[in-house]
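So the chains spell out like this:
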Amino acid sequence: MHGGTTPLPTSTCQYVRLTFPPSFFSSSPLGSRALHSVCDPTPISGFRHSPMAAGSSSSVPSDPLLRDELDIVIPTARNLDFLEAWRPFFQPYHLIIVQDGNSKNTISVPGGFDYELYDRNDIDRILGPRAARISFKDSACRCFGYLVSKKKYIFTVDDDCFVAKDPSGKQINALEQHIRNLLTPSTPFFFNTLYDPYRLGADFVRGYPFSLREGSPTAVSHGLWLNVPDYDAPTQLVKPNERNTRYVDAVLTVPKGAFFPMSGMNLAFNRELIGQAMYFGLTDDSQPNVRYDDMWAAWCVKVICDHMGFGVKTGLPYIWNSKARTPLVNLRKEHEGIYWQEDIVHFFQSVTLSKTSVTVQECYIELSQQVREKLGKVDAYFIKLADAMMTWIEAWNELNPSEN
Ligand SMILES: O=c1ccn([C@@H]2O[C@H](COP(=O)(O)OP(=O)(O)O[C@H]3O[C@@H](CO)[C@H](O)[C@H]3O)[C@@H](O)[C@H]2O)c(=O)[nH]1
Ligand SMILES: [Mn+2]
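Residues numbered from 1 in each chain as written. Chains lettered and ligands numbered in written order. Predicted model: local features only at pLDDT ≥ 70, side-chain atom pairs only at ≥ 80, totals over all residues. Heavy atoms only, no water.

**Student:** It is not clear to me how the UniProt feature "site: Required for activity" (unreviewed entry) in the protein should be interpreted in this structure. Could you clarify?
**Tutor:** UniProt annotation of "site: Required for activity" (unreviewed entry) refers to Arg206 and Arg213 when read in the numbering used here. Structurally, the position occupied by Arg206 is in the loop between helix H5 (174-183) and strand E7 (218-227). Looking at Arg206, the relative accessible area reads 85%, which means it is exposed. By the element assignment, Arg213 lies in the loop between H5 and E7. (UniProt positions renumbered as here; feature names shortened; annotations may be inferred. Helix = DSSP H or I, 4+ residues; strand = E, 2+ residues; numbered from the N terminus. Buried < 20%, exposed > 50% of the residue type's maximum accessible area, 1.4 Å probe, protein only.)

**Student:** Can you walk me through the pairing of strand E3 (residues 94-99) in this structure?
**Tutor:** Across a regular strand the side chains alternate sides, sitting on one face of the sheet and then on the other. A large share of E3 lies buried, amounting to six of its six residues. Bridging between strand E2 (residues 70-76) and E3 involves six bridges; their strand directions are parallel. Across the sheet, residue Val73 finds its bridge partner in E3, namely Ile96. A crossover links E2 with its parallel partner E3, the connecting element being helix H2 (residues 83-90), and its sense is right-handed. Relative to strand E4 (residues 114-118), E3 runs parallel, the two being bridged by five bridges. Residue pairing for E4: Val98 is matched across the bridge by Tyr118. (Pairing = 2+ DSSP bridges. Right-handed = clockwise from strand over helix to strand, strands pointing away.)

**Student:** I would appreciate a short explanation of the side chain of Asn266 in the present structure.
**Tutor:** Topologically, Asn266 is positioned in strand E9 (residues 266-270). Within the local environment of Asn266, its side chain forms a polar contact with the backbone oxygen of Pro317, the two atoms lying 2.9 Å apart. (Polar contact = N/O pair within 3.5 Å; in protein donor to acceptor, adjacent residues only side chain to side chain.)

**Student:** How should I be thinking about the site of ligand 1 in this particular structure?
**Tutor:** Near ligand 1 you find 19 residues, and of these Arg78, Asp100, Asp158, Arg291 and Arg325 are the closest. Contacts to ligand 1 include Arg78, whose side-chain N or O atom sits 2.6 Å from an oxygen atom. Look at ligand 1: alone it shows 660 Å² of surface, and the protein chains cover 93% of it. In this structure, ligand 1 is accommodated by the largest pocket. Secondary structure elements with two or more residues in the shell around ligand 1: E2 and helix H8 (293-308). Residue classes in the shell around ligand 1 are distributed as four nonpolar, three polar and 12 charged. (Near = heavy atom within 4 Å. Areas by Shrake-Rupley, 256 points an atom, 1.4 Å probe, with all protein chains shown as cover. 1 Å grid on protein atoms, 1.4 Å probe; cavity = no way out; pocket = protein on both sides within 12 Å on 5 of 7 lines; lining within 4 Å. Sits in = over half its atoms within 2 Å of the grid points. Nonpolar A, V, L, I, M, F, W, Y, C, P; charged D, E, K, R; others polar.)

**Student:** Would you mind showing me how to read the confidence of the model for the protein here?
**Tutor:** Here the protein shows a mean pLDDT of 87. Residues at 70 or above account for 84%. Throughout residues 1-45 the model reports pLDDT below 50, and contacts reaching past four residues in sequence, or to other chains, amount to 110 contacts. Across residues 52-59 the pLDDT falls below 50, and counting only partners more than four positions away or on other chains, this stretch makes 15 contacts in the model. (pLDDT = per-residue confidence, 0-100. Contact = heavy atoms within 4.5 Å.)

**Student:** So what exactly am I meant to see when it comes to empty space enclosed by the protein here?
**Tutor:** To find leftover empty space, one rolls a probe the size of a water molecule over the atoms. For the structure shown, the criterion picks out two cavities of 30 Å³ or more. Empty space within the second largest cavity amounts to approximately 40 Å³. Here the lining of the second largest cavity gets three residues from one element, more than from any other, and that element is helix H11 (residues 381-399). Class assignment for the residues of the lining of the second largest cavity results in six nonpolar, one polar and two charged. (Points joined across faces, edges and corners; volume = space filled by probe spheres on them.)

Following this line, the structure appears as structure tokens:
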């Protein structure tokens, strides 16, 4: 059973220091078995593609960590040219692509990738009447990928994000860093002034309680962006040319009780631990809360992680965010959310989940009831959203029967 009652895997319960084999992400040629999909052999997929027939690149690693346990989820309303830049890092993994926009448009996936692709028609077919709860015209459609994945870990990235370089000029393997973050514990109950104590070259500082050095299971790894920062429209308007060039070599656990703005642009999480709370909400063009898809997930996830004793990390890895969306378009989409976010954050800061909610699913259901009751007074939209949260759980249970 999943959602917090299952005994945690020992690798996340113990005070562990992971060492990665030297072969990890080296450039040895692929073996013939390397790109087999390990998903359910009878997928509910829209379109599924194995690259074995299409040939494979010789510049990808032979045995990357978590290859069989991690899916990469990409929402796209554009094209997937960006995958060429990521090929050395992503090609060994399975991609779940969620296509937004007109289903008649053919999305071309560069050769050699192992992927499944879903468009709106597929989602309608798979979810039936529940499909309306998966928002489009926004990056929120990515959460459909979380529903259909069968893997323990998810990495999700936007199609306008590229490989960043560290200050020495070396390409950053963002996926590798996310995996390090997820496979090492977090420290939500006591802040370590040398940041993540589980990184090589760091440790707990003097005065850190020994009783807490085992840490907590890490549920989320939130990565950052060089070049275009993830600003809201008003900040974009006053600083149109600002670019982030500051590389901060740090990973921090977001403390218990603190909230943070989580961007979906460069994000990884343990789907088994927290997937059921990673719903990106009702944020499409017909809704008033556009561009708050990832923020909604952040608030729900954090309040539940705090209740369950899971950790959330932020910091490394960086990706290169290439595009700034037009600020005035963003302002039109965001203005209601900007107005509401003060009430929403206040609500989440005061939420308490009962002791009887002991799984993530139970927490999420309880949270949806509180959203209905308390935020429903702010606007009827939140009553619809509370219903959608319940539908998300129903869909999760239907598509993941063995996880409940
Ligand atoms: O209608 C749409 C619009 C976009 N997408 C895909 O979603 C991601 C992100 O889109 P985009 O790059 O346009 O948005 P940003 O503002 O740069 O990204 C951040 O805003 C957040 C709120 O929506 C989002 O979570 C962040 O990543 C791209 O892959 C688009 O192709 C879409 O599917 N449908
Ligand atoms: Mn973008």
